[in-house]
Every structure is written in C-alpha cells, then in structure tokens.
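Structural characterization, general
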Amino acid sequence: MDDLLPTAFKILMAPLAFAIACLVLPIIVACFIIFPLVVFIFGYLFRENVAGKVVLITGASSGIGEHMAYEYAKMGARLALVARRKEKLEGVAASARLMCLCFAPTSQTLTTASGLLMIPSTTLAGVDHLVNNAGIAQIFALEEITDITTSRSVMEVNYWGSVYPTYFAIPHLRKSKGKIVVNSSASAIILPPSMSFYVSSKAALIAFFESLRGELDPDVSISILTLGFVESEMTQGKILSENGQVIVKPNRVKSISPKGVPMWSADKAAKAIVEAVSRGERYITLPKLYSSLTFFKYFWPELVEWYFRRSKFGKLTRIPTADRVSSKAD
C-alpha cells in the first residue's frame with residue numbers, strides 16, 4: 001500500500017501539470033502578448049495630435065530634453081523650455097525655431113518652481129504636456145563620499161525637481177486633459193551598485209508617479225520613462241563628485257556602462273519617446289533590451305547580482321581612508 005501512493009502520484013503528475021499549463025498558458029499569452037498588442041494598435045490608430053499644444057520641458061538645454069524639444073517642434077507644438085543654462089537654452093530654441101520661454105531657475109525654492117508653471121500658463125494659454133526631464137547623476141560607492149550631506153542635491157534635482165513643477169501644473173493639466181512625462185531610469189529597477197543615491201532618487205520618481213496616476217486618472221495620463229544608456233552629458237561623464245561638485249569624469253561613467261549593450265543616440269531616443277507618449281503608453285523602456293534585464297531583476301535577482309559581482313561592477317579598488325564630514329544640525 002505504501003508503494004502505491006508514490007506510484008499513483010507520479011502517474012497523476014504528468015496530466016495534472018499538462019492541465020495546469022493549458023489553463024495558465026492562455027492567461028500568460030493574453031496578459032503579455034495579446035493585451036499589449038491591442039493597446040499598441042489602439043494607441044497607434046488614435047495617436048494624439050500635439051500641434052498647437054503647449055509642452056513644457058525641464059532640463060531642455062541638452063541631451064534627451066533638447067531632442068524632445070526638436071521632436072515636439074516638428075509636430076507643431078508650442079514649447080516652453082526650462083533649464084539652468086540660459087545661453088544653451090536659447091541656442092536650442094533658435095535651432096528648433098520655436099517659441100521659447102527661457103529661465104535660469106535655482107530649483108531650490110517653492111516660489112521658483114511655481115514661477116515655472118505660472119508664466120507659460122498665462123502667456124501660452126495653459127500647459128498640455130509637462131515633461132519632467134531634469135536630472136543629475138552621482139556615481140560613487142557610499143564609502144567614497146566624503147560629505148554625505150552634499151548628496152542631497154541628487155534627490156533635490158531628480159525627485160523634487162519633478163515633484164514641484166507637477167504640483168503646480170496639475171490644475172492646468174486637468175483643464176487640458178493633459179499628460180505628464182517623467183524621466184526615471186532603468187537603473188531604478190535594476191539597482192546597480194555605486195549609484196545608490198541616483199537610483200534611489202529615480203526609484204522614488206516611479207513610486208511617486210505610480211501613486212499619482214490613480215489620483216489624476218482619468219483627467220491626466222502619465223508616461224514613465226525607464227531609459228538605459230542614452231547619449232547625454234551625463235553618459236559623457238558629467239556627474240556630481242564625491243564632495244558635491246559638478247565634474248566631468250568619462251572614465252567613471254564608462255566603468256558602470258554594461259558591456260555589449262549599445263548606447264542610443266539622444267535624437268533616436270527622443271523620437272521614440274515622443275511617438276510613444278502620443279500613443280498614450282504608460283511605461284516606455286529604451287533600448288528595449290533593458291526590458292529583459294528588468295524581467296531578470298524581478299524573477300531571477302540572483303543572476304543580476306551574480307553579474308554585478310562577477311564583473312566587479314562598481315566595486316572599490318581600495319577602501320577609502322578619508323575622514324568623513326559630520327552632518328550639521330538643522
């Protein structure tokens with residue numbers, strides 16, 4: 001009798017597994033293939049026409065922001081461009097031959113952030129698309145940072161630099177049934193080492209705008225960008241140093257660039273982003289290869305961690321001995 005139970009179990013396992021597969025496989029196909037395909041086709045057939053609409057882009061003086069301005073301009077949008085470097089911003093506006101409101105905000109106070117949205121809303125009859133693109137990277141191991149308080153600026157620019165404009169734009173976006181585009185990062189999902197403050201700020205963006213999506217639906221739609229390596233000043237080495245100064249260090253960025261993964265040009269990425277936004281896509285991952293990396297991070301995180309460990313991704317060559325700067329009391 002004792003031998004019959006394992007034998008019966010083995011006999012039943014094969015048809016039981018087949019029956020489960022027959023039930024589960026259609027659900028998987030529907031969720032991951034059919035439904036996304038239907039959404040894509042629907043978005044393609046009913047793409048938004050942005051001609052004459054007001055698009056405000058932060059971080060528009062270079063990189064993805066600059067080229068998104070060109071793509072929107074080609075579609076006939078009226079743009080308000082925001083960045084810290086007024087001269088470069090005016091050059092972008094001249095190149096695109098578009099209407100441009102140029103500012104050099106500090107992004108440090110609520111008043112400045114409010115001003116960004118009040119001006120285009122009154123002179124350009126309201127904002128239709130808000131593109132939160134401003135950002136800065138800090139690529140250092142935590143032990144390398146000499147003054148940890150300077151790393152607050154990463155969160156202030158990457159996170160609060162998107163939250164403030166969004167807060168003041170919401171009333172205008174509700175009226176126009178507009179869109180919010182926020183530039184997070186694939187690193188916010190893959191979570192590579194030696195980028196702890198950067199990936200934290202980008203992960204915070206995803207959490208914030210995912211929560212906000214439910215608050216604003218159906219008046220305002222949100223597209224979250226999780227981009228990999230795309231040509232920009234950041235990927236060329238412009239980062240925040242271990243003591244909080246903006247520096248250019250190409251070798252540091254090269255050390256965390258994944259081997260065998262191509263870097264997209266900013267113009268190619270911008271074109272794909274604007275087209276995806278006009279289709280109403282909720283999540284935009286470019287290059288598409290990063291979608292598979294995020295899949296492994298969710299379902300096989302040990303493999304991703306093994307890759308980081310094996311490739312010595314972001315590993316220190318030596319443990320720093322520099323004195324730490326104590327944080328000051330608020």
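That block above? That's the structure.
Below, the structure is looked at part by part. (Residues numbered from 1 in each chain as written. Predicted model: local features only at pLDDT ≥ 70, side-chain atom pairs only at ≥ 80, totals over all residues. Heavy atoms only, no water.)

**A short note on the sheet that holds strand β5 (residues 221-227)**
The test is simple: DSSP-based pairing: two strands are paired if at least 2 bridges between them are found. Counting from the N terminus, the helices are the DSSP runs of H or I reaching at least four residues and the strands are the DSSP runs of E reaching at least two. A fitted line through C-alpha atoms serves as each axis, taken over the contacting stretch for helices, and the angle formed by two N-to-C directions is quoted from 0 to 180°. In this description, contact between two residues means that some pair of their heavy atoms is separated by no more than 4.5 Å.
Read from one edge of the open sheet, six strands run β2-β1-β3-β4-β5-β8, paired in parallel fashion. Of all strands in the sheet, those bounded by a partner on one side alone are β2 (78-82) and β8 (283-286). Neighbour to neighbour, the strand axes of the sheet diverge by 15° on average, direction disregarded. The strands touched by helix α7 (residues 196-216) are β3 (129-132), β4 (179-183), β5 and β8; relative to β5, the strand with the most contacts, the crossing angle is about 160°.

**Regarding unusual backbone geometry**
For the bond running from D217 to P218, omega is 5°, close enough to zero to count as cis. For P218, the position within the fold is in the loop between α7 and β5. Non-glycine residue K177 carries a positive phi angle of around 55°. With respect to the helices and strands, K177 occurs in the loop between α5 (152-176) and β4.

**Some words on the pattern of salt bridges**
Cut-off, in case you're wondering: Think of a salt bridge as a Lys or Arg side-chain nitrogen and an Asp or Glu carboxyl oxygen that are within 4 Å of each other. Relative accessible area decides the class of each residue, using a 1.4 Å probe on protein chains only: under 20% of the type maximum gives buried, over 50% gives exposed, and in between gives partly exposed.
Using the criterion set out here, one finds eight salt bridges in the structure. As a salt-bridge pair, D219 and K177 come within 2.7 Å of each other at their nearest N and O atoms. With D219 in the loop between α7 and β5 and K177 in the loop between α5 and β4, this residue pair connects regions lying 42 residues apart in the sequence. What makes K177 exposed here is its relative accessible area of 54%. Taken together, the shared-partner salt bridges connect E48, K53 and K179 into one network.

**Side note on helix α10 (residues 289-299)**
Applied cut-off: The arc under discussion is defined with respect to the helix axis, by the directions toward the C-beta atoms.
By the burial criterion, the buried members of α10 are Y290, T294 and K297. The buried residues of α10 all sit within an arc of 55° when viewed along its axis, so they share a single face. Those residues of α10 that are buried lie in contact with α6 (187-190), β8 and α11 (301-310).

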